[in-house]
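Chain by chain, the residues:
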Amino acid sequence: MRFSKLMFAFDGNPVSNKNEAKFHSISTNLVIFSYLNNRCTKSHLMNTQTTVKKIPFISLRTEPGFDEAVEARWQKALHNSQFIAGPATKELESKILDYTQANNFIPCANGTDAIQLALRAVGIGQGDSVLLPDFTFWATYEAIINVGATPIMVDVSSQDYQMDFDLFLEAVQKFKPKAAILVHLYGWCSSRLNEFRAYCSKEKIFLIEDGAQSIGSLFEGERIFQSAFLATTSFYPAKVLGAAGDAGGIFCQDKAIAEKCVQLGNHGRSSHYGHEYVGWNSRMDELQAHFLCESLEKLPERIKSRRESEKKYFDFISKNPNLPLEAKLEPSNIQGNGYLQVSIAKSSYKDLSAKLNLLGITTGNVYPSPMSAQKGAINPILVSKDHVTQQISKKVINLPLFPYMTDSEIDYVCDCLVNSSS
Ligand SMILES: Cc1ncc(COP(=O)(O)O)c(C=O)c1O
């Protein structure tokens, strides 16, 4: 197994030097002596003989031969000066359609553009209301604003942490949205996805599924994008299928919508110098497409490995009720892709995270506050009863999870959880 040195923050930029200390190289082990002497107070968390392992929150591990295969592809592209709209983009299109079982795939520059292209392709713009969950990454909100529409936040269900269907119905009655964006957060999705899809189809509400985190997930046994009217994804490097930079894509059933997405993402072109719409440049470049073609081959193995690690955590935490956290799994009609480990801290997420950090483990609290509470959300409109998003976003703790974690790494995290209980 190759342990890649590439390290990325979750939804932002590659880790800067300043942050790098938080994302330690996986193979570094330190003896805890001096570490504890320097860093711990009298409430030492572990016996001083214990070896501290550095477990990053995420590490992009790949398979033997992966780098070489990518390099060979990139050399060929360089040699042939094939950088835009070349054979790799075509190859990716056919491979990804095969994998996702979707009808059409449109590659683009990133996952945020993918949502904007999807919204524009179905005619969403000024004066239109668009529903989105209050619990998501900011890009979902931004995309709605960037096309000139009005975002309406809907609270999530305490069961699956995805948009609450009953509140969605309430929001539809109140705001008459032209579109709704569901976000398949954590690589899960709403257990009521079928009801969302059927309702939107019947009521002529354009339903866009933000699947930035969900490639490879199954809903009721079916590939998640297969029956989606319109879905988008992100190939940001830390995603389950990540590129070597920014990239994204759109999946849709309708050929005409697919063609409009292609045009909008290529300066609204109808011919080389013919511009039917005002679009922008959101093309995926060939180097990313080559990297993604290679990664796609490995995706089933990577997802299997992620899911196995997630299950090990879940089993351990479930069998140890005195631990300071409870592990969550996706609803039973969904098979997630193991994008994130999701736990709920029983008391303070920050204290637990700090304790684990002292033991060399980096945790996440991915999405620590609702969209409606962001400074950038001007006059936010929220449909909610108990503001579940507000409650859970403060309590989620994500344990390290990435492809090819070793048993000893998972055991170490589990041991540290036990040691953090007191
Ligand atoms: C739910 C969600 N939507 C949209 C995006 C935006 O993707 P990108 O960073 O590729 O623009 C992300 C990724 O970070 C995401 O997690």
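A brief report on the enclosed structure follows.

Criteria and thresholds
Throughout this document, residue positions are counted from 1 along each chain, in the order its sequence is written. Totals for whole chains, interfaces and linings use all residues, but because this is a predicted model, local features are given only for residues with pLDDT of at least 70 and pairs of side-chain atoms are given and counted only at 80 or more. Secondary structure elements follow DSSP: runs of H or I no shorter than four residues count as helices, runs of E no shorter than two count as strands, and numbering proceeds from the N terminus. Exposed residues have 12 or fewer other C-beta atoms within 10 Å of their own C-beta, buried residues have 20 or more, and partly exposed residues fall in between, where C-beta atoms are placed from the backbone. Distance between backbone-placed C-beta atoms decides contact: two residues are in contact if it is within 7 Å. In this analysis, strands are considered paired if DSSP registers two or more bridges between them. Axes here refer to lines fitted to C-alpha atoms; in helices the fit is confined to the stretch in contact. Angles between the N-to-C directions go from 0 to 180 degrees. A set of buried residues drawn from Ala, Val, Leu, Ile, Met, Phe, Trp, Tyr and Cys, joined through C-beta atoms within 7 Å, is what defines a nonpolar core. Domain boundaries shown here were taken from an automatic or database domain assignment. We call a residue near a molecule or strand when the C-beta position, derived from backbone atoms, sits within 6 Å of it. Under this grouping Gly is polar, as are all residues other than the nonpolar Ala, Val, Leu, Ile, Met, Phe, Trp, Tyr, Cys and Pro and the charged Asp, Glu, Lys and Arg. Geometric relationships in this document are graded by angle, where less than 35 degrees denotes roughly parallel, more than 145 denotes roughly antiparallel, 65 to 115 denotes roughly perpendicular, and other angles denote oblique. Crossing chirality is assigned from the near helix's rotation relative to the far helix, an anticlockwise turn below a right angle marking it left-handed and a clockwise turn marking it right-handed.

Within the chain, the regular secondary structure consists of 13 helices and 18 strands. Relative to its 422 residues, the chain shows a buried fraction of 47%. Once local pairs closer than 6 in sequence are excluded, the contacts in the chain between residues at least 24 apart make up 72%.

In this section: the sheet that holds strand 14 (residues 325-328). Here we have three strands laid out as an open sheet, ordered 14-16-18, and antiparallel in their pairing. The two strands at the open ends of the sheet, each matched to only one other strand, are strand 14 and strand 18 (396-397). Where strand 14 meets strand 16 (residues 342-345), four bridges bridge the pair, whose relative direction is antiparallel. Following the sheet pairing, Glu 326 is matched in strand 16 by Ile 344. Most of the contacts of helix 10 (residues 286-319) go to strand 14, to which it runs at about 140°, and overall it touches strand 14 and strand 16.

Take the nonpolar core next. The biggest cluster of nonpolar side chains holds 113 residues, and the ones touching the most others in it are Ala 118, Leu 119, Val 130, Ile 181 and Cys 261. The dominant element in this core, judged by the number of residues it contributes, is helix 10, at eight residues. Summarising the domain contributions, this core has at least three residues from each of domain 1 (42-61 + 300-419) and domain 2 (66-293). Excluding residues that lie within four positions of it along the chain, Leu 119 makes contacts with Ile 124, Ala 143, Ile 144, Val 147, Ala 149, Ala 179 and Ile 208.

Here the focus is the site of the ligand. Taken together, 16 residues sit near the ligand, with Gly 111, Thr 112, Ala 139, Ala 212 and Ser 234 positioned nearest. Those elements that place two or more of their residues in the shell around the ligand are helix 5 (111-121) and helix 6 (138-146). Residues that form the shell around the ligand fall into these classes: five nonpolar, eight polar and three charged.

When you tally the buried positions in strand 7 (residues 206-210), you get five out of five residues, the bulk of the element. Here strand 7 shows no split at all, with Phe 206, Ile 208 and Asp 210 on one side and Leu 207 and Glu 209 on the other all buried. Judged from the five bridges that link them, strand 6 (residues 179-183) and strand 7 form a sheet pairing that is parallel. What sits directly across from Leu 182, in strand 7, is Glu 209. Where strand 7 meets strand 10 (residues 230-234), three bridges bridge the pair, whose relative direction is parallel. The residue bridging Asp 210 from the neighbouring strand is Thr 232, located in strand 10.

Time to look at the sheet that holds strand 15 (residues 334-335). Across the sheet, three strands lie side by side as 9-8-15; this open sheet has antiparallel pairing. Both outer strands of the open sheet, strand 9 (222-223) and strand 15, are each paired with one neighbouring strand and no more. In terms of strand pairing, strand 8 (residues 218-219) meets strand 15 through two bridges, oriented antiparallel. Looking across to strand 15, one finds that Phe 219 is bridged to Ile 334.

So, on to the pairing of strand 10. If a strand is regular, its side chains alternate between the two faces of the sheet. The buried fraction of strand 10 is high, at five of five residues. With five bridges connecting them, strand 10 and strand 11 (residues 248-252) associate as antiparallel partners. By the bridge assignment for strand 11, Thr 233 is matched with Gly 249.

The next subject is the packing of helix 5 against helix 6. Helix 6 packs onto helix 5 with a crossing angle of 40° between their chain directions and a minimal axis gap of 9 Å. Between helix 5 and helix 6, the crossing angle belongs to the class labelled oblique. Handedness of the crossing formed by helix 5 with helix 6: right-handed. Where helix 5 abuts helix 6, its residues Gly 111, Thr 112, Ile 115, Gln 116 and Leu 119 lie against Ala 139, Thr 140, Glu 142, Ala 143, Ile 144 and Asn 146. Here the contact of helix 5 with helix 6 is composed, by residue class, of five nonpolar, five polar and one charged.

Further remarks concern unusual backbone geometry. The backbone of Lys 204 shows a phi angle near 55°, a positive value even though the residue is not glycine. With respect to the helices and strands, the residue Lys 204 is situated in the loop between helix 8 (193-203) and strand 7. When the 7 C-beta atoms within 10 Å are taken as the criterion, Lys 204 is described as exposed. For Glu 220, which is not a glycine, the phi torsion comes out positive at approximately 45°. Counting through the fold element by element, Glu 220 comes out in the loop between strand 8 and strand 9. Owing to 12 C-beta atoms within 10 Å, Glu 220 belongs among the exposed residues under this scheme.

Restricting attention to buried positions, one finds in helix 6 the residues Ala 139, Thr 140, Tyr 141, Ala 143 and Ile 144. On its buried face, helix 6 sits against helix 5, strand 4 (129-133), strand 5 (150-154), strand 6 and strand 7. Gly 148 occupies a position one or two residues after helix 6 and carries a positive phi of about 90°.

A few words now on helix 11 (residues 349-358). All of the buried residues along helix 11 are Tyr 349, Leu 352, Lys 355, Leu 356 and Leu 358. Gly 360 sits one or two residues past helix 11 and shows a positive phi near 90°.

Right, let's get into the environment of Arg 306. Within the element layout of this structure, Arg 306 appears in helix 10. Sequence separation between Arg 306 and Gln 341 is 35 residues; the distance between their C-alpha atoms is 9.2 Å.

In this structure, Glu 276 sits in the loop between strand 13 (274-275) and helix 10. Ignoring any residue separated from it by four or fewer positions in sequence, one finds Glu 276 in contact with Gln 263, Gly 268 and Ser 270.

Time to look at the environment of Val 183. Residue placement: Val 183 occurs in strand 6. Assessed through the 27 C-beta atoms surrounding it within 10 Å, Val 183 is described here as buried. Put simply, Val 183 and Pro 133 are 50 residues apart on the chain and 6.9 Å apart in space, counted from C-alpha to C-alpha. For Val 183, the residues in contact, after removing those within four places along its chain, are Pro 133, Thr 136, Thr 140 and Asp 210.

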